[in-house]
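An overview of the molecular structure
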Amino acid sequence: MKTELEYYDIYPKVVCTQKEARITIKPLGSHVAFAGGKRYRVRIVPMNETLLGVDGAPYPVAEAQLQEGCLCFSWHFLTEQQYMVVVLEGEEGTWKKRCELRVYALRPDFFALRPYMGDMHSHTDRSDGKEGPEIVAANYRRAGFDFLAVTDHGLYEPSLEAIQAYEGLDLSFRLFCGEEVHPPKNHCHTIHFGGSYSVNQIFREEPQRYEKEVGEIAAGLGEMDSAYRQEYASLLWVYREIKKAGGLAVMVHPCWIQEEAYHMHMGMYRRLLSDKPFDAIELTGGQTLEENQLQVSLWQQMREEGNAVPIVGSSDSHGTVNAEWFEISKMIVLAGDCSKDSLIEAVKQRRVAVLEQYKGEKLPRLYGENRTVEFVLFLLDEYMPLHDALCFEEGRLMKEYACGDKEAGKMLQKIGRRTDALAEKYWA
């Protein structure tokens, strides 16, 4: 966590462009206390509207009042962007810079949203992961996640186990149903997030229905490369069934190198990006840099050709303890709340920033729409470290509770909503 967050609290951090905001700067410790006998001002620097090359054009300054040890000032941040708030201490002609803090102004549509970090693709020991569903969920919360779907291979039930492990606790952290869908005679996988029933179960219980309907889809496809015609028809069936269940259909790891070749025929990959029958593509996942960057490159190329598609970032984690892929890829979703429907809507509206960060790298790569990415970069620096510190303690207690500690459950009832309260504090 950077020094400014340890020394000062500024709130709200996120303000609306439509109205004046009352800003408070609180010193966190006697070593940075504001002195009662001194004057304070704040210089407001709109970071997207630099005046560095304009002679004699100073940034605006507001007077700050000392109230119960805190500095307070009012300002109308008129345009959507990040602002540097420079605290000045002294007198006329002798003003000295005390500290630099930041706030972000948003237009009303984005101001109504909140950030939620999540993963829609994870595995447990019910398929080929390492830990039980309840432990996977706890470790995700400890790592700062706001929502998770367990999506074991061919299995819907483990996601229900994770949800049931924490039923009755009032937590901000949300767990959702999910599965990784493995259609018969189809090498390509799909993540099913949030739907009300299992698609994999249809393959087991109604195989004739699946075969018949896929055959009908294939017959109506018209001209298409025979190398992937049947597979493409199968995927169309899967996407339609997931949507029928009320879920989100995510095309996953198309450039995963498996048995010496990419997971998906590149001709079919391009066709899917052009036709967009799915809801979103897993842009980066628990893969090598080579595999993820090939997916990113083709996504960017198809955008240039007019085929923009919604994206998600998921880890495809198969372990959460000293695990190779856990947290390499994730996303921050800007949604009205952390409900299934709000998250799905946000993904479809492309209000997602995908984060990709390999071990040893100081900062993540971000992908998404520029407006979202610019705001999320601010959040990663100014808000998420504080958010993650609260999540760590909740996740630790969740694991203890799942392992039978009833006192941990009582503590979770007291602190399980702290991240919601934190967001309300920092949004004006």
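Numbers given for residues are sequential positions, taken from 1 along each chain in its written order. Side-chain atom pairs in this predicted model are given and counted only at pLDDT of 80 or more, local residue features only at pLDDT of at least 70, and totals for whole chains, interfaces and linings cover all residues. Hydrogens and water molecules were not included; the side-chain quantities draw on all heavy atoms of the structure.

All right, on to the overall build of the protein chain then. In this description a helix means any DSSP run of H or I spanning at least four residues, a strand means any run of E spanning at least two, and both kinds are numbered starting from the N terminus. Of the regular secondary structure elements, the protein chain holds 14 helices and 21 strands. Taking the principal axes of its C-alpha atoms as reference, the protein chain extends roughly 80 × 55 × 35 Å. Burial classes follow relative accessibility: with a 1.4 Å probe on protein chains only, a residue under 20% of its type's maximum area counts as buried, one over 50% as exposed, and anything between as partly exposed. Counting every position in the protein chain, which comprises 428 residues, the buried fraction comes to 54%. Nonlocal contacts in the protein chain, meaning residues at least 24 apart in sequence, comprise 69% of its contacts between residues at least 6 apart. For every accessible area listed, the method is Shrake-Rupley and the probe measures 1.4 Å; residues are considered covered only by the protein chains on display. Surface accessibility of the protein chain: about 18500 Å² in total, with carbon and sulfur atoms responsible for 49%. Of the side chains in the protein chain, 49 bear a positive and 65 a negative charge, and the two mean positions are spaced by 5 Å. In what follows, a contact means two residues having at least one pair of non-hydrogen atoms within 4.5 Å. Neither His nor the chain ends contribute to the count of charged residues, in which Lys and Arg are positive and Asp and Glu negative. To locate a charge, the coordinates of NZ of Lys, CZ of Arg, CG of Asp or CD of Glu are taken.

Turning next to the side chain of Arg41. One can find Arg41 in strand E4 (residues 39–46). The contacts of Arg41, once residues within four sequence positions are left out, are Val61, Ala62, Glu63, Ala64, Val86, Val87, Leu88, Glu92 and Trp95.

Whether two strands pair comes down to DSSP finding at least two bridges between them. Read from one edge to the other, the open sheet built from 6 strands follows the order E11-E10-E9-E19-E20-E21, with strand pairing classed as mixed. Every other strand in the sheet has two partners, leaving strand E11 (174–176) and strand E21 (365–367) as the edge strands with one partner each. Averaged over all pairs of adjacent strands, the angle between strand axes in this sheet comes to 25°, irrespective of strand direction. Taken together, the 5 bridges between strand E9 (residues 114–119) and strand E19 (residues 329–335) define a ladder with antiparallel strand orientation. Looking at the pairing, Gly118 lines up with Met331 of E19. Whenever a helix is involved, its axis is fitted only over the stretch in contact; in every case the axis is a line through C-alpha atoms, and angles between N-to-C directions fall within 0 to 180 degrees.

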